[in-house]
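Below are the chains, spelled out letter by letter.
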Amino acid sequence: MPETDLDLLIRAAHEAGRIATRYSGRDAQSWDKPDGAGPVTEADLAVNAMLAQMLPAARPGYGWLSEETEDTAARLDHDRVFIIDPIDGTRSFAEGSRTWAHALAVADRGVVTAAAVYLPQRDLLFTAAAGGGAFLNGEPIRVSAPTDLAQAHILAARPNLRPEHWTGGQAPEFHRDYRPSLAYRLALVAQGRFDGMLTLRPSWEWDIAAGELILREAGGLCTDRSGAALRFNNPKPRLDGVIAGGDIVHRGLFGALDPAGTGITAH
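Parameters and conventions
- Residues numbered from 1 in each chain as written.
- Predicted model: local features only at pLDDT ≥ 70, side-chain atom pairs only at ≥ 80, totals over all residues.
- Heavy atoms only, no water.
- Pairing = 2+ DSSP bridges.
- Helix = DSSP H or I, 4+ residues; strand = E, 2+ residues; numbered from the N terminus.
- Contact = heavy atoms within 4.5 Å.
- Axes fitted to C-alpha atoms, helices over the stretch in contact; angles between N-to-C directions.
- Polar contact = N/O pair within 3.5 Å; in protein donor to acceptor, adjacent residues only side chain to side chain.
- Buried < 20%, exposed > 50% of the residue type's maximum accessible area, 1.4 Å probe, protein only.
- Phe/Tyr/Trp six-rings, centres within 6.5 Å; stacked < 30°, edge-to-face > 60°.
- Lys NZ or Arg CZ within 6 Å of the ring centre and 35° of its normal.

Enquirer: For the sheet that holds strand 5 (residues 101–108), give the residues involved together with the corresponding values.
Expert: Strands sit in the order 3-4-5-6-7-8-9 across an open sheet of seven strands; the sheet is mixed. Lying at the two open borders of the sheet, with one neighbouring strand each, are strand 3 (63–66) and strand 9 (139–140). Contacts from helix 1 (residues 5–20) reach strand 4 (80–88), strand 5, strand 6 (111–119) and strand 7 (124–129), with the element oriented near 155° to strand 5. The sheet strands contacting helix 5 (residues 205–217) are strand 3, strand 4, strand 5, strand 6, strand 7 and strand 8 (134–136), and the helix crosses strand 6 at an angle near 100°.

Enquirer: Quick rundown of the side chain of histidine 102? Include the residues and the values.
Expert: For histidine 102, the position within the fold is in strand 5. Looking at histidine 102, its side chain comes within polar contact range of the main-chain oxygen of alanine 16, at 3.4 Å. Every residue in contact with histidine 102, bar those within four places of it in the chain, is listed here: Ala13, Ala16, Gly17, Ala20, Val47, Asp85, Pro86, Ile87, Ala116, Val117, Tyr118 and Pro120.

Enquirer: Pulling in residues and values, what's your account of the environment of leucine 45?
Expert: Residue placement: leucine 45 occurs in helix 2 (residues 42–58). What makes leucine 45 partly exposed here is its relative accessible area of 35%. Leucine 45 sits 25 residues away from alanine 20 along the chain, and the two C-alpha atoms are 9.6 Å apart.

Enquirer: Describe the packing of aromatic side chains, naming the residues involved and giving the relevant values.
Expert: Under the criterion given, the structure shown has five aromatic pairs. Measuring from ring centre to ring centre gives 5.2 Å for tyrosine 62 and phenylalanine 82, while their planes differ by 45°; the resulting arrangement is tilted. Within this pair, whereas tyrosine 62 is found in the loop between helix 2 and strand 3, its partner phenylalanine 82 is found in strand 4, the two being separated by 20 residues in sequence. The exposure class assigned to phenylalanine 82 is buried, which follows from its relative accessible area of 0%. Consider the rings of tryptophan 204 and tryptophan 206, whose centres lie 4.9 Å apart with planes at 10°: the pair is stacked. The buried category is assigned to tryptophan 206, whose relative accessible area is 9%. Positioned above the aromatic ring of tryptophan 204, the side-chain terminus of arginine 238 is 4.1 Å from the ring centre.

Here is the structure:
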């Protein structure tokens, strides 16, 4: 029986974990990318080199988009494309934390159809295929269903609470938590450990693609900050923020956002 895209991503994620965990985060060589694009380590590049060889060899007709590969327009000529973050949470990795992930996805004409988010040092493998549900280490997972936003625990960095983002200049009441990896945040919401996830800054597709499918297959909603469905393999691979959670949480967050970004109540 042919290997499915999800089976391929799972196999690749495990190999990525074997490579990355050979490096000690604090001892791995690291440097800053140009133009304030954040840090990169030798582990990121080693994982990326393996994935860039393994995945296209298995699916030669697929395009390629990875944080650690120089992007070209060639991927736009393919219906299906790999969207890869070799290590999501590189800063966390470099600091010696265990809260970083490999995020691997396949998108078909803009929609993610297979995804794996793997945290090797926490032994957590989140997976999903379109129409097949979401899983953690092989067990089904489902988003939570709080009765109102005020009781919800939302994964969000502190700058998301700034008054200019919210109607009336005030973020709604909720409990704020944080994890460094965007892919892991989405997976935690899919698991039901947290109730929602919010980022209002432009987000790279490779940070979001894998977690987006896992969350949708777990029964959640995942849109950009304007409420539009997320589409991937865009010419400029950035998304206009992400709002994610169950129906009540998503509606509560989206309804409180100021669409103009001014913090002034519309009349």
